Amino acid sequence: MTQIVPPGPAEAGDDDRPSLKRVMGPGLLLLFIVGDILGTGIYALTGEVAGEVGGAAWLPFAVAFGVALITACSYLELVTKYPEAAGAALYVHKAFGKHALSFLVCFTVMCSGITSASAAARAFASNLAKGFGLDAGNGVLLLIALGFMLLILAVNLRGVGESVKANVVLTLIELSGLLLVIVLSMYFILGGNADFSRVVAFETPADKNVFLAISAATSLAFFAMVGFEDSVNMAEETREPARIFPRIMLTGLGITGLIYVLVSVCAVAVVPVGRLADSETPLVTVVQTAAPGFPIADLLPFISMFAVANSALINMLMASRLLYGMGKRGVLPPFLAKVHPTRRTPQAAILFTTVIALGLITFVSLVPDSPVVALLGGTTSLLLLAVFAAVNVSVLVLRREETGGEHFNAGRVLPVLGTLTCLYLVLPWSSGRPAGQYEIAGVLLLVGAVLWAVTWWSARRRA
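Computed from a predicted structure; not experimentally measured.

1. What to know about the overall build of the protein chain
Looking only at helices and strands, the protein chain has 18 helices and zero strands in total. For the protein chain, the residues scored as buried account for 56% of the 463 residues in total. Sequence-distant contacts, at least 24 apart, represent 82% of the contacts inside the protein chain between residues at least 6 apart.

Written out as structure tokens, the structure is:
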């Protein structure tokens, strides 16, 4: 979820810096978008979604796809209008010119990266235990997740050269796991062993009606659709972005949306909903049920580990670089901008974001009967949906600014609809979200407010 802090007044007019090399064509951009969306959400949360709505687990993924598609149209208008390596914070800054609001959006995006990586760490631990046949309790899974996050810390401190070619390989491996689920499930289904009556059966918790249950499940399923917004940061490295982006982003969303619906339909047809909802590795359970004697089924836990590990690394890279950027620009305390003298990595920001992630994983894991991945994944979608609402509003505000070039137009209805649907999935009385998601989000944003207040107070004392 790589984003940058919007430039301050002193930097906005600096046009002497070299531009990025345009190396991405339609094929590489499509793989980047698909690879960024695939990951922890579908691998880890299919069972939790089924637990909210029963066998109709495909419906929340379909609705989440619709909400993502609407918001993607707003992103397309902005990225083709302002083809810069930036994201939501820059668009909000251009629309409103309020540094406080731009900081809030930027810090919210950073927090979403930390919660997403934390969810991935717990999912990694569950898949590792499953892959090696460990009878691991909550304490062991916590230790594995913390160890994994420390490994991410070490890699991040050493420095990671992300390249488009590497992303192609990662995408193909992640995609192979989902295709494996679909193919083996179809083998099971064609053998007459599936129960398709479950696919249209709604089974909601006692405290929720059908509509609220679908809203709660969609709020959670949206975690699986995030990532498409990251591609706007590749605008300066894409050839002819105004022409390529609309077609490729919509194609990428369509591919992932179709895969998610197929996976969720196969999952509930193969495995009873109760068993699926109780599993921390739901897709592994699906494959092992569909083809228990098929050796390749044993590979899925490791493919899942690879997929969620990639998500965690990308999100922690993003979070640390965002925090570093805010420290460098004096928005947050300057110590966060400290760089390792030899590795040239933002060591203070990396350590700070890792400490937050370790604390999050520990706190959520120690709560009795806490659905760790669902809680952290839901918090991620909560934070990003709030950002998406701001982006949809920004589109309407920036209609007053003419850029002179051709760009995608989302129309007037879609940004309004996008704002309303995003807010609907954010607000507690309509989304059906558990209170824990708001508590985690609130604490993270409070940390940001405290850091900003300390910076402001220090600057005032020096003035």
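2. Considering the nonpolar core
Judged by nonpolar contacts, the single largest core of 141 residues is most densely connected at Met110, Met149, Leu178, Phe228, Tyr260 and Leu300. Discounting residues that sit within four places of it in the chain, Phe228 has contacts with Ile37, Ala68, Thr71, Ala72, Tyr75, Met249, Leu253 and Phe388.

3. Looking at the pattern of salt bridges
Counted according to the given criterion, the structure contains two salt bridges. The closest approach of N and O atoms between Arg399 and Glu77, which form a salt bridge, is 2.7 Å. Of the two residues, Arg399 sits in the loop between α15 (372–397) and α16 (413–424) while Glu77 sits in helix α4 (residues 58–81), which places them 322 residues apart along the sequence. An identical accessibility class is assigned to Arg399 and Glu77; each is buried. Asp195 is paired through a salt bridge with Arg198; the nearest N and O atoms lie 3.5 Å apart. By relative accessible area, which is 29% here, Asp195 ends up partly exposed.

4. Some words on the side chain of Ser74
Its place among the elements puts Ser74 in helix α4. Ignoring anything within four residues of it in the chain, the contact list for Ser74 reads Val391, Asn392, Val395, Ala410 and Pro415.

5. Side note on the packing of α4 against α16
Taken N-terminus to C-terminus, the directions of α4 and α16 make an angle of 130°; their axes are 9 Å apart at the nearest point. One finds that α4 runs oblique with respect to α16. Relative to α16, α4 is oriented so that their crossing is left-handed. Contacts between α4 and α16 involve Val67, Ile70, Thr71, Cys73 and Ser74 on the former and, on the latter, Leu414, Pro415, Leu417, Gly418, Thr421 and Cys422. Classifying every residue of the contact of α4 with α16 gives seven nonpolar, four polar and no charged.

6. Topic: the packing of helix α7 (residues 138–158) against helix α13 (residues 300–328)
Two elements in contact, α7 and α13, have axes separated by 10 Å at closest approach and are oriented at 55°. Here α7 is positioned oblique relative to α13, judged by the angle of their axes. With respect to the hand of their crossing, α7 and α13 are arranged in right-handed fashion. Counted together, Phe148, Met149, Ile152, Val155 and Asn156 of α7 and Ala309, Ala312, Leu313, Met316, Leu317, Ser320 and Arg321 of α13 form the full contact between these two elements. Broken down by class, the residue content of the contact of α7 with α13 amounts to nine nonpolar, two polar and one charged.

7. Thoughts on a nonpolar patch on the surface
A cluster of nonpolar residues, Phe96, Leu101, Leu104 and Val393, forms a patch on the protein surface that exposes about 280 Å² of accessible area. Within the secondary structure, Leu104 is located in helix α6 (residues 99–131). Residue classification places Leu104 among the partly exposed positions, given a relative accessible area of 41%.

Definitions and cut-offs
- All residue numbers here refer to positions counted from 1 along the written sequence of the relevant chain.
- Owing to the predicted nature of the model, reporting of local features is limited to residues with pLDDT of at least 70; listing and counting of side-chain atom pairs is limited to 80 or more, with chain, interface and lining totals taken over all residues.
- With hydrogens and water excluded, all non-hydrogen atoms of the structure serve as input to the side-chain values.
- Elements are defined by DSSP. Helices are runs of H or I of four residues or more, strands are runs of E of two residues or more, and each kind is numbered from the N terminus.
- The buried label goes to any residue with under 20% of its type's maximum accessible area, the exposed label to any with over 50%, and the partly exposed label to all in between, with areas taken from a 1.4 Å probe on protein chains only.
- Only heavy atoms matter for contacts: two residues are in contact if any of them lie within 4.5 Å across the pair.
- Joining through side-chain atoms within 4.5 Å is the link that ties buried Ala, Val, Leu, Ile, Met, Phe, Trp, Tyr and Cys residues into a set, and such a set is a nonpolar core.
- Any carboxyl oxygen of Asp or Glu that lies within 4 Å of a side-chain nitrogen of Lys or Arg is treated as forming a salt bridge with it.
- Axis geometry follows a simple rule: fit a line to the C-alpha atoms, using only the stretch in contact for helices, then measure angles between N-to-C directions, giving values from 0 to 180 degrees.
- Roughly parallel covers angles under 35 degrees, roughly antiparallel covers those over 145, roughly perpendicular covers 65 to 115, and oblique covers all other angles.
- Crossings are sorted by hand: turned counterclockwise from the far helix by less than a right angle, the near helix makes the crossing left-handed, and turned clockwise it makes it right-handed.
- Asp, Glu, Lys and Arg are counted as charged, while Ala, Val, Leu, Ile, Met, Phe, Trp, Tyr, Cys and Pro are counted as nonpolar; the rest, among them Gly, fall into the polar class.
- Put simply, a patch holds well-exposed residues, over 30% relative accessible area, that have no salt bridge, with like charges counted together within 9 Å and Val, Leu, Ile, Met, Phe, Trp or Tyr side chains within 5 Å.
- Only the protein chains shown count as cover for residues, with accessible areas throughout obtained via the Shrake-Rupley method and a probe of 1.4 Å.

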